[in-house]
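Inside the fold
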Amino acid sequence: MIQFADRIKSLPPYLFAEIDRKKAELKKKGVDIISLAIGDPDLRTPDNIIEALKSAAGDVNNHHYPDYNGLLEFRQAVADWYKSRFNVELDPQSEVVSLIGSKEGIAHMPMAFINPGDITLAPDPAYPVYKTATMFAGGETYLMPLKKENKFLIDFKSIPEDVLKKAKLLFFNYPNNPTAAVADDDFYVEVIEVAKKYDILVCHDAAYTEMTYDGYRAKSFLEFEGAKDVGVEFHSLSKTYSMTGWRVGFVVGNKDAVAGLGKIKSNIDSGIFQAVQMAGIEALKGDQGCVGEMRAIFQERRDVLCDGLTSLGIKVEKPKATFYMWAEVPAGYTSVSFVDHLLSAGVVVTPGSGFGSMGEGYFRMTFTLDKARISEAIERVRKIRNW
Ligand SMILES: *Cc1c(COP(=O)(O)O)cnc(C)c1O
């Protein structure tokens, strides 16, 4: 009889399992399913990046174990990109480490900085990795509610003093998944103040800084004074260049924090295939026209989705960033019962409660399908509207 470790037994029940089961049932009946639940861009990786991989794959120099921290040219490309995009100076030798996607780095961070019993601060609702990775390291997560009345920003004043004193790590993420909220300058300044006062290592998950609309420009946490003294930023090529499957990201910022994560990683993985790093260099240094095209495509889809939902009597604010729409379910529904109702029309969306208890009463839709499919989803929902 196979015995699982406690850390596996402690994983929260998989909320999406029941939805997956119902989806499979509908599919079996031949229902055409429109999934607006996937956080993965449907767009193709730009050709110049694919070509860079192809030619690098043929070079024998790339067929061996890569450097643990990443090719210096890759780390230099990251530093150059941070300089040109955010005007942030980074030393590629000591302040940049490559990651097998930012999820990998985020997941290993508590292993480097959390002792059993230590506290991690993480938002609720949120990307589930912050909490799970903390649990894997034996730590505890204090969940910081993201409330609509606070524009889905963290309210540090509501966190008890003794929690702040015990906290070792703070995870946060703007532009935000799942709420699509963006943070203003004052918020970043406050994060740095809190981190300094309580000696907390800040981990900003910045996966969506390039996926912005209506001319909005998202900032890096590292643009703010003192940020590099207290923290790091996780970034990724996944969303910016439609490269989710390639598994390439990076962590930048405080050199001791970057080195700590690097130490854990060098005992677990052996870096990213160098040909993928060469493609990453092409992504960061090549023509950035593809990023503007990506923004234009998602902005149009966002408008179709949000205008459609408004026409169905659902209150939505058009997000300034990310490919997520986060809205309250109509009166009389819970997150799960609303998702179930939409499923009866073959439309799959994500219950807000899947991202934490503060997500109850909300649902999340992605716009990672073309406009025609999004319109079709709206029309199907119109037929089953009972609110
Ligand atoms: C997509 C996403 C990431 C990036 O994941 P990769 O591992 O780099 O593909 C990180 N954080 C959040 C909140 C995300 O939604």
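Since we're looking at a predicted model, the values are computed, not measured.

**A short note on the pattern of salt bridges**
If you walk through the whole model with that rule in mind, you get 29 salt bridges. A salt bridge links Arg380 to Asp32, with the shortest nitrogen-to-oxygen separation between them at 2.8 Å. Of this pair, Arg380 sits in helix H14 (residues 371-383) while Asp32 sits in the loop between helix H2 (16-28) and strand E1 (34-35); the two residues are 348 residues apart in sequence, bridging distant segments of the chain. Classification of Asp32 as partly exposed rests on a relative accessible area of 37%. Salt bridges linked by common partners bring Asp214, Arg302, Asp303, Asp307 and Lys318 together as one network.

**Concerning helix H6 (residues 129-136)**
Among all positions in H6, only Val129, Tyr130, Thr132, Ala133 and Thr134 are buried. For H6, the secondary structure elements touched by its buried residues are helix H5 (102-113), strand E3 (119-124), strand E4 (140-145), strand E5 (167-172) and strand E6 (201-205). Remark: Gly138 follows H6 within two positions and exhibits a positive phi of approximately 90°.

**Here's the deal with the sheet that holds strand E2 (residues 96-99)**
Taken in spatial order, the 7 strands of this open sheet run E2-E8-E7-E6-E5-E3-E4, and their pairing is mixed. Of all the strands in the sheet, just E2 and E4 have a single pairing partner and so form its edges. Mean inter-strand twist for the sheet, computed between neighbouring axes without regard to direction, equals 20°. The sheet contact formed by E6 and strand E7 (residues 231-236) spans 4 bridges and is parallel. Looking at E7, one finds that His204 is bridged to Glu233. Against the sheet, helix H4 (residues 72-86) contacts E2, E7 and strand E8 (249-253), and its axis sits at roughly 65° relative to E8. Taken strand by strand, H6 contacts E3, E4, E5 and E6, and its axis lies near 160° from that of E4.

**Describing the domain arrangement of the chain**
It is common to give the size of an interface as the accessible area that goes away when the parts come together. Along its sequence, the chain is carved into domain 1 (6-44 + 289-384) and domain 2 (47-285). Between the C-alpha centres of domain 1 and domain 2 there is a distance of 26 Å. Carbon and sulfur atoms make up 62% of the area that domain 1 and domain 2 hide from each other, which totals about 2900 Å². The salt bridge partner of Arg295 is Glu210, with a shortest N-O separation of 3.7 Å. For the pair domain 1 and domain 2, the number of links is 15 residue pairs in polar contact (both at pLDDT 80 or more). Residue assignment for the side of domain 1 that touches domain 2 shows that the elements contributing at least two residues are helix H12 (289-311), strand E9 (324-328) and strand E12 (362-366). The element best represented in the side of domain 1 that touches domain 2 is H12, accounting for 7 residues.

**Thoughts on the site of the ligand**
Not every one of the 14 residues close to the ligand is listed here, only the nearest: Asp205, Tyr208, Ser238, Lys239 and Arg247. Residue Ser102 places a main-chain N or O atom 2.8 Å away from an oxygen atom belonging to the ligand. Relative to its unbound accessible area of 390 Å², the ligand is 94% covered by the protein chains. Taken together, the residues of the shell around the ligand sort by class into 4 nonpolar, 6 polar and 4 charged.

**Things to note about the packing of H5 against helix H10 (residues 255-266)**
At a minimum axis distance of 9 Å, the contact between H5 and H10 shows a crossing angle of 100°. As judged from the angle between their axes, H5 and H10 are roughly perpendicular. Taking contact as the criterion, the partners of Glu104, Gly105, His108, Met109, Met111, Ala112 and Phe113 in H5 are, on H10, Asp256, Ala257, Gly260, Leu261, Ile264 and Lys265. Looking at the contact of H5 with H10 residue by residue, the classes come out as 7 nonpolar, 3 polar and 3 charged.

**Overview of the nonpolar core**
Membership of the largest hydrophobic core comes to 101 residues, with the highest contact counts inside it found for Tyr82, Phe172, Tyr174, Phe221, Tyr241 and Met325. Summarising the domain contributions, this core has at least three residues from each of domain 1 (6-44 + 289-384) and domain 2 (47-285). Once you skip the residues sitting within four places of it in the chain, Tyr82 turns out to touch Asn87, Val88, Leu90, Ser220, Leu222, Glu233, His235, Phe250 and Val252. Core analysis: the second largest hydrophobic core is formed by 20 residues, Leu99, Ile114, Cys203 and Val232 among them.

What counts, and at which threshold
- Counting from 1, residues in each chain are numbered in the order their sequence is written.
- Per-residue local features are limited, in this predicted model, to residues with pLDDT of at least 70; the limit for side-chain atom pairs, both in listing and counting, is 80 or more; totals at the level of whole chains, interfaces and linings are taken over all residues.
- Derived side-chain values reflect all non-hydrogen atoms in the structure, with water molecules and hydrogen atoms excluded from consideration.
- One speaks of a salt bridge when a side-chain nitrogen belonging to Lys or Arg is within 4 Å of a carboxyl oxygen belonging to Asp or Glu.
- Only DSSP runs of H or I covering at least 4 residues are called helices, and only runs of E covering at least 2 are called strands; the numbering of each starts at the N terminus.
- Relative accessibility thresholds used throughout: buried, under 20% of the residue-type maximum; exposed, over 50%; partly exposed, between the two (1.4 Å probe, protein chains only).
- Any two residues whose heavy atoms approach within 4.5 Å at even a single point are treated as in contact.
- Each pair of strands is called paired provided DSSP finds at least two bridges between the two strands.
- Orientation is described by lines fitted to C-alpha atoms, with helices fitted over the stretch in contact, and by angles between N-to-C directions that extend from 0 to 180 degrees.
- Domain borders in the structure are assigned automatically or taken from a domain database.
- Simply put, the buried area is the total loss of 1.4 Å probe accessible area from both parts when two parts are fitted together.
- Within 3.5 Å is the distance limit for a polar contact, defined as a pair of N or O atoms, with the added protein rule that one can donate a hydrogen and the other accept it, and that residues adjacent in sequence qualify only through two side-chain atoms.
- Throughout, near means a residue has at least one heavy atom within 4 Å of the molecule or strand.
- Accessible surface area values rest on a Shrake-Rupley calculation with a 1.4 Å probe, where residue burial reflects the displayed protein chains alone.
- Nonpolar residues are Ala, Val, Leu, Ile, Met, Phe, Trp, Tyr, Cys and Pro. Charged residues are Asp, Glu, Lys and Arg, and all others, Gly as well, are polar.
- What sets the label is the angle itself: under 35 degrees gives roughly parallel, over 145 gives roughly antiparallel, 65 to 115 gives roughly perpendicular, and the rest give oblique.
- In this description, a nonpolar core means a group of buried Ala, Val, Leu, Ile, Met, Phe, Trp, Tyr and Cys residues linked to one another through side-chain atoms lying within 4.5 Å.

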